[in-house]
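# Structure assessment
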Amino acid sequence: MTNDNMYMALAFQNIVANNKIKTKDAAPKILILAKQMKEFCEIYAPQAFTQGFQSFIDDNGTLRIDDTIRIYIKELREKGSTILPQDRQSLIQLYDRLEQRKSRRGHEQFYATVSESKVANLVLKLLDEEIEDFDAMGVQ
């Protein structure tokens, strides 16, 4: 889904949820609200994340992998099958990303309620575990 379609879908949902929809005048209201949502996000969304985090979002082509996953999901839904890449590296990238997304969905409630200091402590714990694993394997 493109960003413009996302804004349109959100605007449509808002109009419908607020019982403001009437057949003859719904479309203009939806278009206006979608435009306002897009403008708001373009102004304020960049301020919601630090510059470092913004660049981290697409490290290793994460957005490209997510787009590819969306294509496979669409094909599976529409056709019941899809053709995956044949090379090991691409399959591993897809598998890793899907595992990450699955884990994130399973932790949504945790992410919604956990404090920054708790997350920081958990990150430090996982970093220590990485160091231990690397040391055990002889990796620097």
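Please refer to the structure placed before this passage.
Here's a quick rundown of the structure. From a predicted model like this one, the values you see are computed outputs, not experimental measurements.

### Concerning the packing of aromatic side chains
Under the criterion given, the structure shown has 1 aromatic pair. Relative to Tyr111, the ring of Phe110 has its centre 5.7 Å away and its plane inclined at 55 degrees; by these criteria the two rings are tilted. One residue, Arg104, lies across the ring of Tyr111, its end atom 4.8 Å from the ring centre.

### Quick notes on the pattern of salt bridges
When the charged atoms of two side chains with opposite charge come close together, those side chains can pair. Considering all chains together, one arrives at 5 salt bridges under this definition. Residues Glu78 and Lys74 are paired through a salt bridge, measuring 3.9 Å at the closest nitrogen-oxygen approach. With Glu78 and Lys74 both in helix α4 (residues 62-79) and 4 residues apart, this pair spans about one turn of that helix. By relative accessible area, which is 56% here, Glu78 ends up exposed. Each of Asp66, Arg97 and Arg101 takes part in a single network of salt bridges with overlapping partners.

### As for a nonpolar patch on the surface
Residues Phe110, Tyr111, Val119, Leu122, Val123, Leu124 and Leu127 make up a contiguous nonpolar surface patch of roughly 560 Å² in combined accessible area. Looking at the nonpolar patch, the elements that each hand over two or more residues are α6 (108-113) and α7 (116-137). Broken down by element, the residue count for the nonpolar patch peaks at 5 residues, all from α7. Position of Leu122 relative to the elements: it lies in helix α7.

### Some thoughts on the nonpolar core
Nonpolar side chains in soluble globular proteins tend to end up buried together. Within the largest apolar cluster, 7 residues are counted, these being Tyr7, Ala11, Ile15, Ala26, Ile30, Leu33 and Ala34. Among the elements that make up this core, the one with the highest residue count is helix α2 (residues 26-48) (4 residues). With near-sequence residues (within four places) excluded, Ala11 lies in contact with Ile30, Leu33, Ala34 and Met37.

### Some thoughts on the environment of Ser90
Structurally, Ser90 can be placed in helix α5 (residues 88-106). Sequence separation between Ser90 and Ile65 is 25 residues; the distance between their C-alpha atoms is 9.2 Å.

### Re a negative patch on the surface
Residues Asp128, Glu130, Glu132, Asp133 and Asp135 make up a contiguous surface patch of negative charge. On the basis of relative accessible area, Glu132 is assigned to the exposed category, the value being 53%.

### Overview of α4
In this model α4 runs 25 Å from its N-terminal to its C-terminal C-alpha over 18 residues, within 8% of the 26 Å that 1.5 Å per residue would give. Inspection of α4 places Thr62, Ile65, Asp66, Ile69 and Tyr72 among the buried residues, and these make up the whole buried set. The buried residues of α4 occupy one face: seen down the axis, they fall within an arc of 120 degrees. Facing away from the buried side of α4, by more than 90 degrees, are the exposed residues Lys74, Glu78 and Lys79. Once α4 finishes, Gly80 follows within two positions and takes phi at roughly 85 degrees, a positive value.

### Topic: the packing of α4 against α5
It is at 10 Å that the axes of α4 and α5 come closest, and there the two elements cross at 90 degrees. As summarised for this structure, α4 and α5 are arranged roughly perpendicular, according to the angle between their axes. Together, Thr62, Arg64, Ile65, Asp66, Thr68, Ile69, Tyr72 and Ile73 of α4 and Gln93, Leu94, Arg97, Leu98 and Arg101 of α5 make up the contact between the two elements. Taken together, the residues of the contact of α4 with α5 break down into 6 nonpolar, 3 polar and 4 charged.

About the criteria used
Residues numbered from 1 in each chain as written. Predicted model: local features only at pLDDT ≥ 70, side-chain atom pairs only at ≥ 80, totals over all residues. Heavy atoms only, no water. Phe/Tyr/Trp six-rings, centres within 6.5 Å; stacked < 30°, edge-to-face > 60°. Lys NZ or Arg CZ within 6 Å of the ring centre and 35° of its normal. Salt bridge = Lys/Arg side-chain N within 4 Å of Asp/Glu carboxyl O. Helix = DSSP H or I, 4+ residues; strand = E, 2+ residues; numbered from the N terminus. Buried < 20%, exposed > 50% of the residue type's maximum accessible area, 1.4 Å probe, protein only. Patch = residues over 30% accessible without salt bridge, like charges linked within 9 Å, V, L, I, M, F, W, Y side chains within 5 Å. Areas by Shrake-Rupley, 256 points an atom, 1.4 Å probe, with all protein chains shown as cover. Core = buried A, V, L, I, M, F, W, Y, C linked by side-chain atoms within 4.5 Å. Contact = heavy atoms within 4.5 Å. Lys, Arg positive; Asp, Glu negative; His and termini not counted. Charge placed at Lys NZ, Arg CZ, Asp CG, Glu CD. Expected span 1.5 Å × (residues − 1). Arc of directions from axis to C-beta. Axes fitted to C-alpha atoms, helices over the stretch in contact; angles between N-to-C directions. Parallel < 35°, antiparallel > 145°, perpendicular 65-115°, else oblique. Nonpolar A, V, L, I, M, F, W, Y, C, P; charged D, E, K, R; others polar.

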